[in-house]
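Breakdown of the fold
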Amino acid sequence: MSKERIAIYPGSFDPVTLGHLDIIHRGLEVFDGLVIAVATNVAKKAMFTADERVELIQEAVGGDPRVVVDHFDGLLVEYARDRGAVAVLRGLRAVSDFDFEFQMASMNRSLLPEVQTVFLMAGEEHFYVSSSLVKEVAQLGGDVAHHVPPGVAEALRIRIAERGGAR
Ligand code: ADP
């Protein structure tokens with residue numbers, strides 16, 4: 001009857017966490033398909049390359065046919081239009097996310113009004129999980145296995161060992 005409704009879920013995903021995966025699973029309850037779009041032009045210094053981040057997500061979503069993992073640079077709204085997406089999906093944690101997300105959604109709406117931004121809330125066990133905290137804890141030798149998929153825990157161990165081990 002109606003055409004497939006696809007959303008773009010953009011982010012740095014450096015690396016993907018169980019918080020991101022929770023948002024992906026919830027997003028699939030709402031949309032027919034998701035394009036997880038790894039931003040390659042982030043100002044933040046990344047621990048993993050864009051290709052590594054894509055691979056880690058692919059491994060974690062386990063070949064679900066409703067999910068495509070890609071990377072993009074440039075304007076998100078142009079990417080969303082090229083992909084034929086009806087929405088941009090973002091996750092909200094605490095109030096601290098709100099201001100930045102609100103600014104970005106407003107800007108994207110002024111650039112491309114027909115694409116909606118949809119916010120979903122992760123389960124409360126993921127409220128305080130962020131890629132940056134996971135990296136910080138792992139670098140200090142802490143166990144992050146409860147917050148990331150197994151492949152990411154392994155990739156973090158390897159990357160940190162390559163860089164001279166946990167401090
Ligand atoms: P960005 O650099 O674009 O914020 P992130 O990879 O940090 O990229 O996050 C991508 C999206 O996932 C953002 O909307 C962020 O708020 C959301 N997100 C990240 N971690 C969580 C979490 N634990 N719970 C809910 N949403 C999350």
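Everything below is about the structure printed above this text.
A quick note: this is a predicted structure, and the numbers were derived from the prediction, not measured.

1. A closer look at the nonpolar core
Ranked by internal contacts, the top residues of the largest apolar core, which has 35 residues, are I24, I36, I57, V61 and L156. Where this core is concerned, the elements lending two or more residues are β1 (6-11), α1 (18-30), β2 (33-39), α2 (50-61), β3 (67-72), β4 (87-92), α5 (131-139) and α6 (150-162).

2. Brief notes about the environment of S130
Structurally, the position occupied by S130 is in the loop between β5 (116-121) and α5. On a C-alpha basis, the gap between S130 and T17 in space is 7.2 Å, while along the polypeptide they are 113 residues apart. Beyond its immediate sequence surroundings of up to four residues, S130 is in contact with T17 and R93. Engagement of the side chain of S130 in a polar contact is seen with the backbone nitrogen of L133, the distance being 3.1 Å.

3. Thoughts on unusual backbone geometry
Keep in mind that most residues, glycine aside, have a negative phi and that most peptide bonds are trans. Residues D14 and P15 are joined by a peptide bond in cis, for which omega reads 0°. Residue position: P15 is located in the loop between β1 and α1. If you check the backbone angles, F13 has positive phi at about 50° while not being a glycine. Structurally, the position occupied by F13 is in the loop between β1 and α1. Here F13 falls in the buried class, since its relative accessible area comes to 2%.

4. Re the pattern of salt bridges
For the structure shown, the criterion picks out ten salt bridges. Linking R83 and D70 is a salt bridge whose minimum nitrogen-to-oxygen distance equals 3.0 Å. You can see R83 sitting in the loop between α3 (76-82) and β4 and its partner D70 sitting in strand β3, a full 13 residues away along the chain. We classify R83 as partly exposed; its relative accessible area is 35%. Here E101 ties to R90 by a salt bridge, and the two come within 2.8 Å at their closest N and O atoms. A residue pair is termed long-range when its members are at least 10 positions apart, and E101 in helix α4 (residues 98-111) and R90 in strand β4 qualify at eleven residues. With relative accessibility at 15%, the residue R90 sits in the buried group. Each of D14, R53 and K135 takes part in one network of salt bridges that share partners.

5. A word on the packing of α2 against α6
In contact at an axis separation of 9 Å, α2 and α6 are set at 150° when each is read in the N-to-C sense. Comparing the axis directions of α2 and α6 gives the class roughly antiparallel. Residue-level contacts link E52, L56 and E59 of α2 to G151, V152, A155 and R159 of α6. Grouping the constituent residues of the contact of α2 with α6 by class yields three nonpolar, one polar and three charged.

6. Some remarks on a nonpolar patch on the surface
A cluster of nonpolar side chains, L75, M107 and L111, forms an exposed patch at the surface whose accessible area comes to about 280 Å². Relative to the helices and strands, M107 is located in helix α4.

Reading guide: rules and limits
- Residues numbered from 1 in each chain as written.
- Predicted model: local features only at pLDDT ≥ 70, side-chain atom pairs only at ≥ 80, totals over all residues.
- Heavy atoms only, no water.
- Core = buried A, V, L, I, M, F, W, Y, C linked by side-chain atoms within 4.5 Å.
- Buried < 20%, exposed > 50% of the residue type's maximum accessible area, 1.4 Å probe, protein only.
- Helix = DSSP H or I, 4+ residues; strand = E, 2+ residues; numbered from the N terminus.
- Contact = heavy atoms within 4.5 Å.
- Polar contact = N/O pair within 3.5 Å; in protein donor to acceptor, adjacent residues only side chain to side chain.
- Salt bridge = Lys/Arg side-chain N within 4 Å of Asp/Glu carboxyl O.
- Axes fitted to C-alpha atoms, helices over the stretch in contact; angles between N-to-C directions.
- Parallel < 35°, antiparallel > 145°, perpendicular 65-115°, else oblique.
- Nonpolar A, V, L, I, M, F, W, Y, C, P; charged D, E, K, R; others polar.
- Patch = residues over 30% accessible without salt bridge, like charges linked within 9 Å, V, L, I, M, F, W, Y side chains within 5 Å.
- Areas by Shrake-Rupley, 256 points an atom, 1.4 Å probe, with all protein chains shown as cover.

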